[in-house]
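Remarks on the overall topology
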Amino acid sequence: MNPVTCVARVAGNPVSINDIDEREATLRAGNLASALPRPGTSEGRQLRRWLTQLVVAERVVAAEAAQRGLSGAGAPSEDEVLPDTAARLEIGSIAAATLATPTARAAFADVTAAVDVSDSEVTAYHARNPLRFAAQLAGPNGWHARPVAPPLDEVRDRITAHLRASARRRAFRQWLDARCGVLVELAPGYEHPGDPRQPDNTHKH
């Protein structure tokens, strides 16, 4: 692998340094440009490593979608898969970013279709979080009354949907990590940002 022209390979197919240059240029032309690190600095190199991780992950997901014969038709929306900041943190920045396209979300749905949660998990969650789905009751003078824990049967479906969605995100992240581990070869200088072997990693123990 020539690190000058090829930053990675995905299932043997090269990822060009031009692909990363273009991603970085697009990012720097956007609304977040002022928050990005300067090119050529340690943080700037870490940004390029992150972009490399994103590009190779996108290609892994796209290859999986093609292998499964999937298109974006009937895919869940991005808000369905990643409804809030907590969901994005749970799945991780790379996996979350790969789900920007309908085809990737179709792959997510197919990869995680068999994921489910048990009745015991639902019951245990309700016992730990009795007020999680409690209704906000309006009190006098605009104040909210103290919430009352709803019975399990009343919120079972909502808890099940909540836990299943979380489990599917977790399963997709684990699947993506595993597939990238098998299919992706990174060039020197384009290691994962958290790889302790690369010189710009500042997370020390």
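So, here's what we can say about the structure. All values reported here derive from a predicted model rather than from experimental measurement. (Residues numbered from 1 in each chain as written. Predicted model: local features only at pLDDT ≥ 70, side-chain atom pairs only at ≥ 80, totals over all residues. Heavy atoms only, no water.)

1. A word on the side chain of Arg49
Structurally, the position occupied by Arg49 is in helix α2 (residues 42-67). A polar contact is formed between the side chain of Arg49 and the side chain of Gln46, at a distance of 3.0 Å. If we skip the residues at most four places from it in the chain, Arg49 touches Gly189, Tyr190, Glu191, His192, Pro193, Gln198, Pro199 and Asp200. (Helix = DSSP H or I, 4+ residues; strand = E, 2+ residues; numbered from the N terminus. Polar contact = N/O pair within 3.5 Å; in protein donor to acceptor, adjacent residues only side chain to side chain. Contact = heavy atoms within 4.5 Å.)

2. Re the sheet that holds strand β1 (residues 6-10)
The strand order across the open sheet built from 3 strands is β2-β1-β3, with neighbouring strands paired in antiparallel fashion. Of all strands in the sheet, those bounded by a partner on one side alone are β2 (13-16) and β3 (184-186). Averaged over all neighbouring strand pairs, the angle between strand axes comes to 25°, with direction disregarded. Relative to β3, β1 runs antiparallel, the two being bridged by 3 bridges. Bridging across to β3, Ala8 finds its partner in Leu186. Packing of α2 onto the sheet brings it into contact with β1, β2 and β3, and relative to β1 it is tilted by some 25°. Its contacts with the sheet put helix α8 (residues 152-183) on β1 and β3, and the angle it makes with β3 is roughly 65°. (Pairing = 2+ DSSP bridges. Axes fitted to C-alpha atoms, helices over the stretch in contact; angles between N-to-C directions.)

3. Brief notes about the pattern of salt bridges
Within the structure shown, the criterion is met by 15 salt bridges. Among the ionic pairs, Glu24 bridges to Arg48, the shortest N-O distance being 2.6 Å. Note that Glu24 is positioned in helix α1 (residues 17-28) and Arg48 in helix α2, a separation of 24 residues in sequence. Pair check on accessibility: Glu24 and Arg48 agree, each one buried. (Salt bridge = Lys/Arg side-chain N within 4 Å of Asp/Glu carboxyl O. Buried < 20%, exposed > 50% of the residue type's maximum accessible area, 1.4 Å probe, protein only.)

4. Examining unusual backbone geometry
Non-glycine residue Ala11 carries a positive phi angle of around 55°. With respect to the secondary-structure elements, Ala11 resides in the loop between β1 and β2.

5. Observations concerning the nonpolar core
With 33 residues, the main nonpolar core has Val7, Val15, Val61, Ile91, Leu99, Phe172 and Leu176 as its most contacted residues. Listing elements by their share of this core, those giving two or more residues are β1, α1, α2, α5 (93-98), α6 (102-111) and α8. Per element, the largest residue contribution to this core is 9 residues, and it comes from α2. Counting 9 residues, the second-largest nonpolar core is a separate cluster that includes Phe133, Leu152, Ile159 and Leu163. (Core = buried A, V, L, I, M, F, W, Y, C linked by side-chain atoms within 4.5 Å.)

6. Remarks on the packing of aromatic side chains
Inspection of every chain in the model, using the stated rule, returns 2 aromatic pairs. With a centroid separation of 5.2 Å and an interplanar angle of 55°, the aromatic rings of Phe108 and Phe172 are classed as tilted. Separated by 64 residues along the polypeptide, Phe108 in helix α6 and Phe172 in helix α8 bring together distant segments of the chain. One aromatic cluster is present, formed by Phe108, Phe172 and Trp175 through successive ring pairs. Across from the ring centre of Phe133, 4.6 Å away, lies the NZ or CZ of Arg132, which sits over that ring. (Phe/Tyr/Trp six-rings, centres within 6.5 Å; stacked < 30°, edge-to-face > 60°. Lys NZ or Arg CZ within 6 Å of the ring centre and 35° of its normal.)

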